[in-house]
Amino acid sequence: MKHGKPISWIENPKAAGIAHSKAVERYFPQGTAREAMEFHRQIPAFRMTPLKNLSRLAKFLGVGGIWVKDEAERLNLGSFKVLGGSFAIYRYIQSRLGTHEPLRFDDLMNPEIRTKLGNIVFAAATDGNHGRGVAWAAKTLGFESVIYVHKLTSEARIAAIQRNGAKVVVVDGTYDDAVRLINEDAQKNGWQVISDTAWEGYTEIPTWVMQGYTTLYAETQQQLAAQGAIKPTHIFMQAGVGSLAASAFGFYAGLFGADRPKMVVVEPDRAACLFRSMEIGDGKPHGFPGNLDTIMAGLACGDPNPIAWEVLADCADAFFSCPDYVAAKGMRVYGVPLSGDPMVVSGESGAVTLGALTFLMEQNEYAPLRERLGINENSYILLVNSERNTDPDEFRQVVWEGGHAVPGEYRKYGNPFQRG
């Protein structure tokens, strides 16, 4: 059986020539991350998630350092997604009240304010994690929610959304079908959609979602500073519609300008809409055809977020497309660390960037790519574990049973940095 290469890649020459991106200035203006963090810190039980240092693995692979921002325990929801959903709901409430003044979390529970707001039903389409975050935020603030999921969404992810008080509707189609249907039904029923992807006439809330994610990177920079570091040299970021990647690249491009880290987008090869958009090369976002059948459920998106694409088209230095076995390898490397490194429990979508990095450093055929990206023993790489094992059955199938094994021709034994 012929297997796909671990990494298919395409460079973005535009990124190297842009010192200041207009898209970054538009969607991530100065003060955005501070505002998001100030809101999130008021949420009951909110805690900074750990930045884990995989120093032994970094030495093993021949790079200077690997940092992993571990979102597995974010508010005990297993994913970073709640940062975007909760901040977007907060900004929507601000807008509905007609104020730009900061509101405390407690203010949102004030009976007088609740009377002004009336009954709001928040709605979202999801692969699992975004819907869970929106449902949690709505429930915490005393609102109802309706979440649409596609037909391949696991029972475990559906149950997690329902435990947070949402009504769940299963759509006979893909994630993108669920996005289109919930928008139609929301208009009929008067629901307020909180989506992490945009479409014509609907860009403000997805922008707020992306801005909410910047809390993650503001925390990361505080944690790096505590270790005496200024910034990573490279960021590998997984992507579905591209909102998380755009938030990372927007944050770092806004903070460091032309001196920003090198930035790499990593997607499933069966849902590589951003890779395909770059490959077509007309500057526009393009959908990915097919049924999006990948174990990386959180990344199984066929249509890019067009406003995220604007940022990525300016700032992403390269786009990677990877088969499922790359994510599976990342899960196992995280879960069985080298002696002295911390363990990370990561789901399929959270682990693909580590998997891609290991193949990039192990395989001789990627030496030109390493050189193009400037990845060597002086490189310090930031990854984000975007989810824990939100589908426990799939997690055990991969980690316990060896599912989606690395094809024989791409296996390495011993120290891969001793390439000979």
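Use the structure listed above.
In this text the structure is predicted, and so the values were computed from the model without any measurement.

S.K.: Explain the packing of aromatic side chains to me, and be specific about the residues and the numbers.
M.R.: In total, this model carries 18 aromatic pairs according to the counting rule given. Ring centres of Phe-39 and Phe-87 lie 6.2 Å apart, and the angle between their planes is 55°; this geometry places the pair in the tilted category. Taken together, the positions of Phe-39 in helix 3 (residues 32-40) and Phe-87 in helix 5 (residues 82-97) put the pair 48 residues apart, joining distant regions of the chain. With a centroid separation of 5.4 Å and 90° between ring planes, the pair formed by Phe-122 and Phe-143 is classed as edge-to-face. Here Phe-143 lies in the loop between helix 7 (129-140) and strand 5 (144-150) and Phe-122 lies in strand 4 (residues 121-126), a separation of 21 residues in the sequence. Summarising the burial analysis for this pair, Phe-122 and Phe-143 share the class buried. A connected cluster of aromatic rings, assembled from ring pairs, spans Phe-39, Phe-87, Tyr-90 and Phe-105.

S.K.: A description of the pairing of strand 10 (residues 318-322) should follow, citing residues and the corresponding values.
M.R.: Burial runs high along strand 10: five of the five residues are buried. Side chains of strand 10 alternate between two faces, with Ala-318, Phe-320 and Cys-322 and Phe-319 and Ser-321 buried alike. Pairing of strand 1 (residues 8-11) with strand 10 involves four bridges; the strand directions are antiparallel. Bridging across to strand 10, Trp-9 finds its partner in Phe-320. The pairing of strand 9 (residues 262-268) with strand 10 spans five bridges and is classified as parallel. Counterpart to Pro-268 in the pairing with strand 10 is Cys-322.

S.K.: Talk me through the sheet that holds strand 5; I want residue IDs and the actual numbers.
M.R.: If you trace the four strands from one edge of the open sheet to the other, you get 6-5-4-7, paired in parallel fashion. In this open sheet, the two edge strands, each paired with only one partner strand, are strand 6 (167-171) and strand 7 (192-193). Contacts between helix 9 (residues 175-189) and the sheet are confined to strand 4, strand 5, strand 6 and strand 7, with strand 5 contributing the most and set at about 145° to the helix.

S.K.: Summarise the nonpolar core; cite the residues concerned and give the values.
M.R.: One finds Phe-249 and Phe-319 to be the most contacted residues of the largest nonpolar core, which totals 103 residues. If we ignore the near neighbours within four places in the chain, the residues touching Phe-319 are Ser-8, Trp-9, Ile-10, Asn-12, Val-265, Leu-274, Phe-275, Met-278, Trp-309 and Leu-312. With 42 residues, the next largest nonpolar core counts Phe-236, Ala-328, Met-361 and Leu-369 among its residues.

S.K.: Describe the pattern of salt bridges, and please don't skip the residues or the numbers.
M.R.: Taken as a whole and assessed by the stated rule, the structure comprises 20 salt bridges. Close ionic contact of Glu-348 with Arg-157 constitutes a salt bridge, the shortest N to O distance being 3.4 Å. Highlighted residues: Glu-348 in helix 15 (residues 348-362) and Arg-157 in helix 8 (residues 155-163), separated in sequence by 191 residues. Looking at Arg-157, the relative accessible area reads 7%, which means it is buried.

S.K.: Which residues make up the side chain of Asn-305, and what are the values?
M.R.: Counting through the fold element by element, Asn-305 comes out in the loop between helix 12 (273-280) and helix 13 (306-315). Relative accessible area serves as the criterion here: at 0%, Asn-305 is assigned to the buried category. In this structure the side chain of Asn-305 is engaged in a polar contact, spanning 3.3 Å, whose partner is the backbone nitrogen of Ala-198. Only 3.2 Å separates the side chain of Asn-305 from the backbone nitrogen of Ile-307, close enough to count as a polar contact. For Asn-305, the contacting residues outside a window of four places in its chain are Asp-196, Thr-197, Ala-198, Pro-206, Met-210, Val-241 and Ser-243.

S.K.: Please set out the packing of helix 7 against helix 8 residue by residue, giving values where relevant.
M.R.: Two numbers describe how helix 7 lies on helix 8: the axes approach to 8 Å, and their chain directions differ by 15°. Considered as vectors, helix 7 and helix 8 are oriented roughly parallel to each other. Classified by chirality, the crossing of helix 8 by helix 7 is left-handed. For the pair helix 7 and helix 8, contact is made by Gly-131, Arg-132, Ala-135 and Lys-139 and by Ala-160, Ile-161 and Arg-163, respectively. Per-class residue counts for the contact of helix 7 with helix 8 are three nonpolar, one polar and three charged.

S.K.: Go over the environment of Gly-254 with me, naming the residues and quoting the values.
M.R.: Position of Gly-254 relative to the elements: it lies in helix 11 (residues 243-256). Distance in space between the C-alpha atoms of Gly-254 and Val-24 is 6.5 Å, their sequence separation being 230 residues.

Conventions used here
Residues numbered from 1 in each chain as written. Predicted model: local features only at pLDDT ≥ 70, side-chain atom pairs only at ≥ 80, totals over all residues. Heavy atoms only, no water. Phe/Tyr/Trp six-rings, centres within 6.5 Å; stacked < 30°, edge-to-face > 60°. Helix = DSSP H or I, 4+ residues; strand = E, 2+ residues; numbered from the N terminus. Buried < 20%, exposed > 50% of the residue type's maximum accessible area, 1.4 Å probe, protein only. Pairing = 2+ DSSP bridges. Contact = heavy atoms within 4.5 Å. Axes fitted to C-alpha atoms, helices over the stretch in contact; angles between N-to-C directions. Core = buried A, V, L, I, M, F, W, Y, C linked by side-chain atoms within 4.5 Å. Salt bridge = Lys/Arg side-chain N within 4 Å of Asp/Glu carboxyl O. Polar contact = N/O pair within 3.5 Å; in protein donor to acceptor, adjacent residues only side chain to side chain. Parallel < 35°, antiparallel > 145°, perpendicular 65-115°, else oblique. Left-handed = near helix turned anticlockwise from the far one by under 90°. Nonpolar A, V, L, I, M, F, W, Y, C, P; charged D, E, K, R; others polar.

Scope: geometric values only; no functional claims are made or implied.
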